[in-house]
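# Coordinates in review
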Amino acid sequence: MFSPEKLEDIAKKRKEWEEGTLKESLKKFKTSESPNRFYTPLDIRDFDFLEKVGFPGEYPYTAGVYPTMVPGTGPVKGGSGFAAAGLARAGRYSGYATADDTRDYYEEMIARGWRVGPNLAFDLPTQCGYDPDHPLALGEVGRTGVAVTSLRDMETILEPFEGELGLDRLAMNMNINAPATILIAMVIAVAEQKGISPDKLHGTPQNDILKEYTGRGTYIFPPRPSLRLTRDSFVYLRKNVPSFNLISISSHFREAGADSVRSLGYQFANAMTYARLAQEAGLDLDDVLPRFTFQTGGCHTMIILQAIAEARASRRVWAKLAKERLGAKSPKSWMIRTAPGRMDANLMTKQRPLNNLVRTVLGGVAIALTEGIPVIEPGFDEPLGLGISLEAQQLSEDAARIMFHEAKLCEVTDPFAGSYYMEALTDRVEAEIWRTMDEVERVGGAVAAIETGYLKREVARNAYHIQKDVETGKRIIVGVNAFLGPEEIDIRVRQSPHPYDPTRRQQAEEHQIARLKSIKQERDNQRVAAVLKRLREEARDEQVNLFPTIIEAVKTYATIGEICGVLRQVFGEHQEFGVI
C-alpha cells in the first residue's frame, strides 16, 4: 500500500507527534496515557486491497457477499430485514400459547400489513420433545413460544398462509433443533395437504444441535445420535425439498457467556462439523454449503465499530474455510449466507427499557454499514417478556425506514473499506476466530469439545469474567450498574394491549392437554403403534435414514413426545457436563 520509504517517513512523523503534540496535550490533563488511539498506515503495513477486501460479491467477500442490493429493496412490515420482488421472506420471530392463539396472532398481523412468512418460536416442552401432559412440561406449555404437540397444531398455525401468502410463495423459519426433523416433517405434511409440492417450499429450520449443548440447553439425545438426525435431514431435504435451507448455524454461545469473537470461532467450528457430516453422507459440498445459513449477521456487541469488523471478518473466514479447508469449488459455497441481522437480545436491559431503542438503533447503524440492511430488532421491550409490543414494533420499523430513506446509510457498500483502523481491527478479529477454531480442532473437533466438557468450561470461564466486570463497574451498562442516582428518570411509553394475550398464555397448558386427549381418541392408534415400532427398529440401524418414517409418523398424528420417546429408548439422553 505504501512504499517502505513512505512508511519510514510516517513512522518518524508519528514519533514526533507522540513526543510533541500528543505529549503536551496529555500533560495539560496531568496524565501520560491517551484514552484513545489514532491509526495510520503503520497499523496495516502489509495491507493488500484485493487480497483482504476485494470487490462486493467476489472472493474473499469482506466487502459483502452480493455485488449490490436488489433494486427496489426496502424495509419490510413485520420485521426481519428487507423485501423485494421475487424474494421470499420470513417475518419477525413469533409464536405463543397454543396453535389457535398463534394462528390468531398471525391473522391480526396480516391484517396490519404483514406480507412475510411465519418465523416460529416454540415452547420448551416442544423444543425438548415432551408432550404437554409430561411432568417436566408442567408450567412451561406455551410460555416461551407456541406449543406444537402433533400435526394438528401445525395445521392450525399455518391456516392464515394461503393464496399470495401461501407456503409456496413465502419463506418459513423454525427455531427448533433437537426435534427439528419432526417439525420439518410437519411442515411438509401440511404443504401436501394444501396441494403444495415439497419442492416448492422455502424456509430455514435452525436444526443446529451442536450449539445446544453449550449455548441453550434444549438438547435431547447425545451429540452423535443427534448428528445422525441432522445427517438424515440433510440428505432428505436436498433430494426432496431443494429450496429449503438445511441449517441455520447459530451463535447462542454469547448468551451462555462467550465473547462475541470467540463465539464466532465456535460457530465456524460447528459449521466444519456439519460440512464433514454432509460429506460422509455422500453429499456434494457444493450442493450443500449454499444451503447452510448462519446467524453471524447483525450486531453482537455494543462496541459498534467492532461489530462491523466482526461481520467483515466472518465473511472472509467462511470464504477461506469453505474454499481452502473444506475444498469447496463453487463461489456460491464460499459466500456466507446470513439471516437479516439483528441486535443480540442479551444486550438489552430490563432496567430503563426505552434505552434499548437507542441500543438497537446503534446496532442498526452497524448492520446497515456492513450488511446494507438497517434492521432494528428486537423491540425496546424485549427483556420485559415474550413478544414485542405494537409500539416497539412500530418504532423498530420506523427507525429502519429513517436509516434507509432519510439517512441513506445503505447507498455505499462497505464504507469502511481501506480504513486504517477498520482493516487492522478486521485482521485482529479474523486472527482470533481462527485461533478459537484451531483450539477446538486440537481437542478433537466440535463433538469432542462437547463430550469432554472443554467448550462448557471455556464459555463458563468467560462468563465469569464478563459478570465480574459488570459487578466491579469495569464494564458499564447504563441504568444497570451506573447512572442510578435519584435524579435519573425511568422513561416509559403508553402501550396498547400486548398482541400476546396473557390470559391465553395462562390457559395454554389446559387447552393443549385437552387437545392432546382429543387427538389420541380420534386417530388410528394401531397405525400409530405400528409406525413407532418401525421407527424404533430403524433407529437401531445407523445406515437407515429416519426422515421418511418420521414423516409417516407425523401423518398418523403421532405426537412429538411419542416420537422422541421412541428415539430416547434407542439413543439415550444427553447427560450434562459439570464445570470444574
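The shown structure was predicted, so the numbers you read here are calculated from the model rather than taken from an experiment.

### Here we look at the overall build of the chain
Regarding its fold elements, the chain presents 21 helices and eight strands. In summary, the chain has a C-alpha radius of gyration of 25 Å against a globular reference of 25 Å for 580 residues, a match within 12%. Principal axes of the C-alpha set define a box for the chain whose edges measure 90 × 55 × 55 Å. By residue count, 54% of the 580 residues in the chain fall in the buried class. In the chain, once contacts between residues fewer than 6 apart in sequence are set aside, the share between residues at least 24 apart is 77%. Approximately 25400 Å² of the chain is accessible, and the part contributed by carbon and sulfur atoms is 52%.

### Brief notes about the sheet that holds strand 4 (residues 117–120)
Reading across from one edge, 3-4-5-6 is the order of the four strands in this open sheet, with parallel pairing throughout. Each edge of the open sheet is held by one strand with a lone partner, namely strand 3 (90–94) and strand 6 (202–205). Sheet twist, expressed as the average angle between the axes of neighbouring strands with direction ignored, equals 15 degrees. Summarising the sheet, strand 5 (residues 171–174) and strand 6 pair through four bridges and their orientation is parallel. The partner of Met172 across the bridge, within strand 6, is Gly203. Against the sheet, helix 3 (residues 99–111) engages strand 3 and strand 4, with an angle of about 140 degrees to strand 4.

### Concerning the pattern of salt bridges
Applying the stated criterion across every chain, the model contains 48 salt bridges. In this structure, Lys13 and Glu16 form a salt bridge, with 4.0 Å as the shortest nitrogen-oxygen distance. Of this pair, Lys13 and Glu16 both sit in helix 1 (residues 4–28), separated by three residues, roughly a single helical turn. The class of Lys13 is exposed, set by a relative accessible area of 55%. A relative accessible area of 43% places Glu16 in the partly exposed class.

### Things to note about helix 7 (residues 223–240)
Its 18 residues place the ends of helix 7 26 Å apart at the C-alpha level, agreeing with the 26 Å of an ideal helix rising 1.5 Å per residue. The buried fraction of helix 7 amounts to 14 of the 18 residues, a majority that puts the element mostly inside the structure.

### Observations regarding helix 18 (residues 502–522)
Compared with the 30 Å implied by 1.5 Å per residue over 21 residues, the 30 Å span of helix 18 between its first and last C-alpha is a close match. Considering only its buried residues, helix 18 is in contact with helix 3 and helix 5 (151–157).

### Some points on the packing of aromatic side chains
Considering all chains together, one arrives at 19 aromatic pairs under this definition. Ring centres of Phe49 and Phe55 lie 5.6 Å apart, and the angle between their planes is 80 degrees; this geometry places the pair in the edge-to-face category. Phe55 sits in the partly exposed class, given a relative accessible area of 46%. For the ring pair Tyr59 and Tyr61, a centre distance of 6.4 Å and an interplane angle of 85 degrees mean the geometry is edge-to-face. The class of Tyr61 is buried, set by a relative accessible area of 2%. Ring-pair connections join several aromatic residues into one group, and the members of that group are Tyr96, Tyr105, Tyr106, Trp114, Phe161 and Tyr500. Directly above the ring of Tyr59 sits Lys323, whose terminal nitrogen or CZ lies 4.3 Å from the centroid.

### Observations concerning the packing of helix 7 against helix 9 (residues 260–280)
The axes of two packed helices give the description: the angle between them and the distance between them. Between helix 7 and helix 9, the least distance of the axes is 10 Å, while the angle of their chain directions is 60 degrees. The angle between helix 7 and helix 9 places the two elements in the oblique class. Classified by chirality, the crossing of helix 9 by helix 7 is right-handed. Contacts between helix 7 and helix 9 pair Leu227, Thr230, Arg231 and Phe234 from the former with Thr273, Tyr274, Leu277 and Ala278 from the latter.

### Details of the environment of Asp427
Along the chain, Asp427 falls in helix 15 (residues 420–442). For Asp427, a relative accessible area of 23% gives the class partly exposed. Expressed as a C-alpha distance, the spacing of Asp427 and Ile44, which sit 383 residues apart in the sequence, is 8.9 Å. Discounting residues that sit within four places of it in the chain, Asp427 has contacts with Lys52 and Arg316.

### Overview of a nonpolar patch on the surface
On the surface, Phe49, Leu50 and Phe55 cluster together to form a nonpolar patch covering roughly 300 Å² of accessible area. Residue position: Phe49 is located in helix 2 (residues 49–52).

### Some remarks on unusual backbone geometry
Note that the residue after Tyr59, namely Pro60, is joined by a cis bond; omega there is 10 degrees. Mapped onto the elements, Pro60 comes out in the loop between helix 2 and strand 1 (74–75). Phi is positive for Tyr61, close to 65 degrees, though the residue is something other than glycine. Tracing the chain through its elements places Tyr61 in the loop between helix 2 and strand 1. Despite not being glycine, Asn207 shows a phi value in the positive range, around 55 degrees. Topologically, Asn207 is positioned in the loop between strand 6 and helix 7.

How each quantity is defined
Residues numbered from 1 in each chain as written. Predicted model: local features only at pLDDT ≥ 70, side-chain atom pairs only at ≥ 80, totals over all residues. Heavy atoms only, no water. Helix = DSSP H or I, 4+ residues; strand = E, 2+ residues; numbered from the N terminus. Rg over C-alpha atoms; globule rule 2.2 N^0.38 Å. Buried < 20%, exposed > 50% of the residue type's maximum accessible area, 1.4 Å probe, protein only. Contact = heavy atoms within 4.5 Å. Areas by Shrake-Rupley, 256 points an atom, 1.4 Å probe, with all protein chains shown as cover. Pairing = 2+ DSSP bridges. Axes fitted to C-alpha atoms, helices over the stretch in contact; angles between N-to-C directions. Salt bridge = Lys/Arg side-chain N within 4 Å of Asp/Glu carboxyl O. Expected span 1.5 Å × (residues − 1). Phe/Tyr/Trp six-rings, centres within 6.5 Å; stacked < 30°, edge-to-face > 60°. Lys NZ or Arg CZ within 6 Å of the ring centre and 35° of its normal. Parallel < 35°, antiparallel > 145°, perpendicular 65-115°, else oblique. Left-handed = near helix turned anticlockwise from the far one by under 90°. Patch = residues over 30% accessible without salt bridge, like charges linked within 9 Å, V, L, I, M, F, W, Y side chains within 5 Å.

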